[in-house]
Amino acid sequence: MATPKQLVKTYADLTIEEADQIVSTLDGYLTATRKERIEEALASRTRDVALVLEDVASEHNASAVLRTAEAFGVLEVHVVPRESEFKLSRKVSIGSHKWIDLKRHPSPTVAYGSLRDRGFSVWASDIHGDTVPLEEIPTDRKVALVFGNEHAGLTREAAEAADGLFKIPMTGFVESLNISVAAAICTYDLVARKRRAGTLSTLDPEDTARLRATWYTLSVRAAPQLLERAGVELPAMSAEPVRFATEEV
């Protein structure tokens, strides 16, 4: 935890020189096994697929989606709180949130706009309207998958502002899946198809360097004190702290 006077800088704002200084300061405090694991995770991360969660009410579902993103190498999760504050469960998240670039937006259109500015197409999950099967989402560009509230689904704004609507084809009597299950199926399918198509890129070198510095910080218990002595600001994955629900019994 940072000391009260210690400055914290969002990792994306680190200069490469600062990132290199952080790594060199903390390098001797990580085992070879831990450093190898960090490099493996960095090599598998992508910004070509992103997830967007609109008004997810359950901390269990929110946490499970973040675990899915982390497990399949998706670095970015965008959240749009509406009626429900976005919170996580420590028991379900089991630390996956620490490795995710979590971004909050005031509305779906703002989230979509920021993604489109970076070359994303936006596809929203819906069981109504003019939908296409999941496997027909094009893989030739970056894709953001949008999932709505567990009970009410997507708002009209979120659905109408998307570039397209998709659904998971199902042959049983039920029409929908739990959001965390749906997100897992869709994320795996899209990442796998983009990898086969050769359109799933890894992180660029500067992004990798900044993340490496931040993940080193997260992996060394004494990092705040060590970096403070070195005169380096403490990097954080997100500008806003992650909020947790009251611990479950």
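The structure this text deals with has already been given above.
In this report, we go over the structure that sits alongside the text. Starting afresh in each chain, residues are numbered from 1 along the sequence in its written order. Note on the predicted model: pLDDT of at least 70 is required for a residue's local features to be given, and 80 or more for side-chain atom pairs to be given and counted; whole-chain, interface and lining totals, by contrast, use all residues. In computing side-chain properties, one takes all heavy atoms of the structure into account and sets aside hydrogens as well as water.

### A look at the overall build of the protein chain
Keep this limit in mind: Secondary structure elements follow DSSP: runs of H or I of four or more residues count as helices, runs of E of two or more count as strands, with numbering from the N terminus. Each radius of gyration reported is based on C-alpha atoms, and the globular scaling rule is 2.2 Å times the count of residues to the power 0.38. By definition in these notes, contact holds between two residues if any of their heavy atoms fall within 4.5 Å. Note on areas: these come from Shrake-Rupley sampling with a 1.4 Å probe, and a residue is covered only by the protein chains present in the view. The charge count treats Lys and Arg as positive and Asp and Glu as negative. His and the chain ends do not count. Taken as the charge location is NZ of Lys, CZ of Arg, CG of Asp or CD of Glu.
Of regular secondary structure, the protein chain possesses 9 helices and 9 strands. The C-alpha radius of gyration of the protein chain comes to 19 Å, within 12% of the 18 Å expected for a compact globule of 249 residues. Contacts spanning at least 24 positions in sequence make up 82% of the contacts within the protein chain whose residues lie at least 6 apart. A total accessible area of about 12,400 Å² is found for the protein chain, and carbon and sulfur atoms account for 52% of it. For the protein chain, the separation between the mean place of its 30 positive charges and that of its 37 negative charges on side chains is 4 Å.

### Brief notes about the packing of aromatic side chains
So the rule is basically this: Each Phe, Tyr or Trp ring, with Trp reduced to its six-membered ring, pairs with another whose centre is within 6.5 Å; inter-plane angles below 30 degrees give stacked pairs, above 60 give edge-to-face pairs, and intermediate values give tilted ones. Three exposure classes are used, based on accessible area relative to the maximum for each residue type with a 1.4 Å probe and protein chains only: buried under 20%, partly exposed in between, and exposed over 50%.
Across all of its chains, the model carries 3 aromatic pairs by this definition. Judged by centre distance (5.7 Å) and plane angle (90°), the ring pair of Trp 99 and Trp 215 falls under edge-to-face. Of this pair, Trp 99 sits in the loop between α4 (90-93) and β4 (101-104) while Trp 215 sits in helix α8 (residues 205-219), and the two are 116 residues apart along the sequence. Note on Trp 99: relative accessible area 15%, which makes it buried.

### Describing the side chain of Ser 107
Quick reminder of the rule: Polar contacts, as counted here, are pairs of nitrogen or oxygen atoms within 3.5 Å of one another; within protein the pair requires one atom able to donate a hydrogen and one able to accept it, and residues that are adjacent in sequence qualify only if both atoms are side-chain atoms.
The residue Ser 107 is located in the loop between β4 and α5 (108-116) in this model. Relative accessible area serves as the criterion here: at 13%, Ser 107 is assigned to the buried category. Within the structure, the side chain of Ser 107 is placed 3.2 Å from the backbone nitrogen of Val 110, a separation counted as a polar contact. Setting aside chain neighbours within four positions, we find Ser 107 in contact with Val 80, Arg 82 and Glu 157.

### Topic: the pattern of salt bridges
Cut-off, in case you're wondering: Any carboxyl oxygen of Asp or Glu that lies within 4 Å of a side-chain nitrogen of Lys or Arg is treated as forming a salt bridge with it.
What the rule picks out here adds up to 19 salt bridges. As a salt-bridge pair, Glu 18 and Lys 9 come within 3.1 Å of each other at their nearest N and O atoms. Among the ionic pairs, Arg 210 bridges to Glu 206, the shortest N-O distance being 3.6 Å. Of this pair, Arg 210 and Glu 206 are both found in helix α8, 4 residues apart, which corresponds to roughly one turn of the helix. On the basis of relative accessible area, Glu 206 is assigned to the partly exposed category, the value being 44%.

### Regarding the nonpolar core
Here is a general trend for soluble globular proteins: nonpolar side chains tend to be buried in one another's company. What counts here: As used here, the term nonpolar core means buried Ala, Val, Leu, Ile, Met, Phe, Trp, Tyr and Cys residues forming a set that is joined through side-chain atoms within 4.5 Å.
Ranked by size, the top nonpolar core spans 29 residues in total, and within it Leu 53, Val 77, Leu 145 and Phe 147 carry the most contacts. Among the elements that make up this core, the one with the highest residue count is helix α7 (residues 179-197) (6 residues). If near-sequence neighbours (up to four positions away) are discounted, Leu 53 is found in contact with Val 65, Val 77, His 78, Val 79, Val 80, Phe 86, Phe 147 and Ile 179. Membership of the second largest hydrophobic core comes to 24 residues, among which are Ala 19, Leu 75, Leu 203 and Leu 227.

### What to know about the sheet that holds strand β3 (residues 74-80)
Rules: Any two strands are treated as partners once DSSP identifies two or more bridges connecting them. Note on method: axes are straight lines fitted to C-alpha atoms, helices fitted across the in-contact stretch only, with angles between N-to-C directions ranging 0 to 180 degrees.
Strand order in the open sheet formed by 7 strands is β4-β3-β2-β7-β5-β8-β6, with parallel pairing between adjacent strands. Of all strands in the sheet, those bounded by a partner on one side alone are β4 and β6 (131-133). Shown here is a sheet whose adjacent strand axes are inclined to one another by a mean of 30°, direction ignored. Bridge count between β3 and β4: 4 bridges; the pairing is parallel.

### Re the side chain of Thr 131
Looking at the secondary structure, you find Thr 131 in strand β6. Residue classification places Thr 131 among the buried residues on the basis of a relative accessible area of 16%. Sequence-distant contacts of Thr 131, defined by excluding residues within four places in its chain, comprise Asp 126, Leu 165, Phe 166 and Lys 167.

### With respect to the environment of His 151
Structurally, His 151 is set in the loop between β7 (142-147) and α6 (156-161). By relative accessible area, which is 75% here, His 151 ends up exposed. Between the C-alpha atoms of His 151 and Met 237, which are 86 residues apart in sequence, the distance is 30 Å.

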